[in-house]
Amino acid sequence: MSAAEPPFGRLLTAMVTPFGPDGSLDLEAAARLAGYLVDEQGNDGLVVSGTTGESPTTTNAEKAELLKTVIDAVGDRAAVLAGVGTFDTRHTLELAATAAELGADGLLVVTPYYSKPPQTGLLQHFTTVADASELPIMLYDIPQRAGVPIATETLIRLAEHDRIVAVKDAKGDLVASSRVIAETDLAFYSGEDALTLGLLALGGVGLVGTSTHFSGRAARQMILSFLGGDVQGALQLHQRLLPIFTGIFATQGCILVKAGLELQGRGVGGLRSPLLTATPAETDALAASLAAAGL
């Protein structure tokens, strides 16, 4: 059941963005968090400025500062991917160019959201970004947020591009994912923590997680156990981690990640409006999820 080493490792975390009391970037906290995620939670890579990193409310300049900080902190021992996807192809190209200049190892490009482009528009958007950059690209397929899926046929066509190498799969359609895995060389990473084991069984390669701010070591072991042939061991870890795999999404993921880091004495500040800090009830529920998962 072993698989070839995928382009960005087996386990990545979509990192939250630390803010200071005045709402500005806290770059020192970002460096500390990046180090913790790589050195203590066992991540092979980090995604900076994804949705969990509150990318809709950070400026281009802030994204660049944050990316440089994380690369300087862990770039010698982990892949650093820059979230550059927007609903504007030109803006995405600008962010992709900056990420390349700063030394990112790859790009995470989400489906253009809200405007609900047709599949031909998605094909053109992703191809344009891939043509313009020398960095390998991970597509992010999350129709419940973007408004449209990347259709199976579109993914198969995009896989023909040399620089489109991976998918963060949050579609929740394992049959569709299975077909793309079977017909292309795209590396499929689960974008839903709780579906990781199921996707691995179909040929997926790993996880780009949210709960992995806390569950990274155990999630990594689950992945490696399955790929090493210990299916029962992987299943036991999946079942143990299921409370936090799902509990981290009881409300918006970055809200609860920041609440959980605060619980563990690793606070990284608040959130930018319109997101709000977790309520006491939400924090209590998260604490129960962490405890149930042995974390």
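Throughout, a residue's number is its position along its own chain's written sequence, starting from 1. With the structure being a predicted model, the display of local features is reserved for residues of pLDDT at least 70 and the display and counting of side-chain atom pairs for 80 or more, all residues being used for whole-chain, interface and lining totals. As a rule here, side-chain values come from all non-hydrogen atoms in the structure, and water together with hydrogens is ignored.

1. A short note on the pairing of strand S8 (residues 206–209)
Our working definition: To sort residues, take the accessible area from a 1.4 Å probe on protein chains only and compare it with the maximum for the residue type: under 20% means buried, over 50% means exposed, and anything in between is partly exposed. Numbering of helices and strands runs from the N terminus, with a helix taken as a DSSP run of H or I at least four residues long and a strand as a DSSP run of E at least two residues long. The criterion for strand pairing is that DSSP finds at least two bridges linking the strands in question. With its strands directed away from the observer, a crossover is right-handed exactly when the path from the first strand over the helix to the second travels clockwise.
Residues Gly-206 and Val-208 point to one face of S8 and Leu-207 and Gly-209 to the other, with burial holding for every one of them. Direction of pairing for strand S7 (residues 187–190) relative to S8: parallel, over a ladder of 2 bridges. Bridge assignment links Ser-190 to a residue of S8, and that residue is Leu-207. Taken together, S7, helix H8 (residues 196–201) and S8 constitute a β-α-β crossover, and its handedness is right-handed.

2. With respect to unusual backbone geometry
The residue after Ser-273, namely Pro-274, is reached through a cis peptide bond having omega 15°. Turning to its location among the elements, Pro-274 is positioned in the loop between helix H11 (253–263) and helix H12 (280–292). Positioned with a positive phi, Glu-54 is a non-glycine residue whose angle comes to about 60°. Structurally, Glu-54 is set in the loop between strand S2 (45–48) and helix H2 (60–74).

3. Concerning the environment of Asp-173
Let me state the cut-off plainly: For this analysis, a polar contact is any N or O atom pair within 3.5 Å, provided that within protein one partner can donate a hydrogen and the other can accept it, and provided that sequence-adjacent residues contribute only side-chain to side-chain pairs.
Examined against the element boundaries, Asp-173 turns out to sit in the loop between strand S6 (164–169) and helix H7 (174–183). Looking at Asp-173, the relative accessible area reads 34%, which means it is partly exposed. In this structure, the C-alpha to C-alpha distance between Asp-173 and Leu-199, residues 26 residues apart in sequence, is 9.8 Å. A distance of 3.1 Å separates the side chain of Asp-173 from the backbone nitrogen of Ala-176, its partner in a polar contact.

4. Remarks on the pairing of S7
By the alternation rule, side chains of S7 split into Ala-187 and Tyr-189 and Phe-188 and Ser-190, which are all buried. In this structure, S6 lies alongside S7, joined through 4 bridges in parallel fashion. Residue pairing in the sheet places Asp-169 in a bridge with Ser-190 of S7. With H7 bridging S6 and the parallel S7, this β-α-β connection has right-handed handedness.

5. Some words on the UniProt feature "binding site: pyruvate" (unreviewed entry) in the protein
For the record, the criterion: UniProt positions are given in the numbering used here, feature names are shortened, and annotations may be inferred rather than shown by experiment. Of the two site types, the cavity is a set of points on a 1 Å grid over the protein atoms alone where a 1.4 Å probe fits but cannot get out, and the pocket is an open set with protein on both sides within 12 Å along at least five of seven lines, each lined by residues with an atom within 4 Å of a point. Residues are treated as being in contact if the distance between any of their heavy atoms lies within 4.5 Å.
The UniProt record annotates "binding site: pyruvate" (unreviewed entry) at Thr-52 and Val-208. Judged by maximum C-alpha separation, these annotated positions cover 157 residues in sequence but sit close together in space, the widest gap being only 11.2 Å. Lining the second largest pocket, from the residues named above, are Thr-52. Take Thr-52: it is sitting in the loop between S2 and H2. Of the residues examined, Thr-52 reaches a relative accessible area of 12% and is grouped as buried. Setting aside its immediate chain neighbours within four residues, Thr-52 contacts Ala-14, Met-15, Val-16, Thr-17, Thr-210, His-213 and Cys-254.

6. Quick word on H2
Cut-off, in case you're wondering: What a helix is expected to span follows from its residue count: subtract one and scale by 1.5 Å.
Taking 1.5 Å per residue as the helical rise, H2 with its 15 residues ought to reach 21 Å, and the 21 Å between its terminal C-alpha atoms agrees with that figure. Of the residues making up H2, those classed as buried are Glu-62, Lys-63, Ala-64, Leu-66, Leu-67, Thr-69, Val-70, Ile-71 and Val-74. On its buried face, H2 sits against helix H1 (27–39), S2, strand S3 (79–83) and helix H3 (89–102).

7. Focus: the sheet that holds S8
What counts here: Angles shown run from 0 to 180 degrees and are taken between the N-to-C directions of axes, each axis being a line fitted to C-alpha atoms and, for helices, limited to the stretch in contact.
Pairing is parallel in the closed barrel, where 8 strands are placed in the order S1-S2-S3-S4-S5-S6-S7-S8. Put simply, the sheet's adjacent strands are angled 25° from each other on average, direction ignored. Looking at chain direction, strand S1 (residues 11–14) and S2 are connected through 3 bridges and run parallel. When the bridges of S2 are listed, Thr-13 appears paired with Leu-46.

8. Some thoughts on the UniProt feature "active site" (unreviewed entry) in the protein
Under the feature "active site" (unreviewed entry), the UniProt entry names Tyr-140 and Lys-168. Taken together, the annotated residues stretch across 29 residues yet fold into one region, lying no more than 4.7 Å apart by C-alpha. When the annotated set is filtered for residues lining the largest pocket, what remains is Tyr-140. Turning to its location among the elements, Tyr-140 is positioned in strand S5 (residues 137–141). Leaving out residues up to four positions away in the same chain, Tyr-140 has contacts with Leu-108, Val-109, Val-110, Thr-111, Ile-150, Lys-168 and Ala-170. Here Lys-168 shows up in strand S6. A relative accessible area of 5% places Lys-168 in the buried class.

9. Structural notes on the packing of helix H10 (residues 231–247) against H12
What counts is decided by this rule: For this classification, under 35 degrees means roughly parallel, over 145 means roughly antiparallel, 65 to 115 means roughly perpendicular, and everything else is oblique. Crossing handedness is defined as follows: a turn of the near helix away from the far one that is anticlockwise and smaller than a right angle gives a left-handed crossing, while the clockwise case is right-handed. Under the scheme applied, nonpolar residues are Ala, Val, Leu, Ile, Met, Phe, Trp, Tyr, Cys and Pro; charged residues are Asp, Glu, Lys and Arg; polar residues are all the others, including Gly.
It is the contact of H10 with H12, at a shortest axis distance of 7 Å, that shows an interaxial angle of 155°. In terms of axis orientation, H10 runs roughly antiparallel to H12. For the pair H10 and H12, the sense of crossing is left-handed. Residue-level contacts link Arg-240, Pro-243, Ile-244 and Gly-247 of H10 to Leu-286, Ser-289, Leu-290 and Ala-292 of H12. When the residues that make up the contact of H10 with H12 are grouped by side-chain class, the tally is 5 nonpolar, 2 polar and 1 charged.

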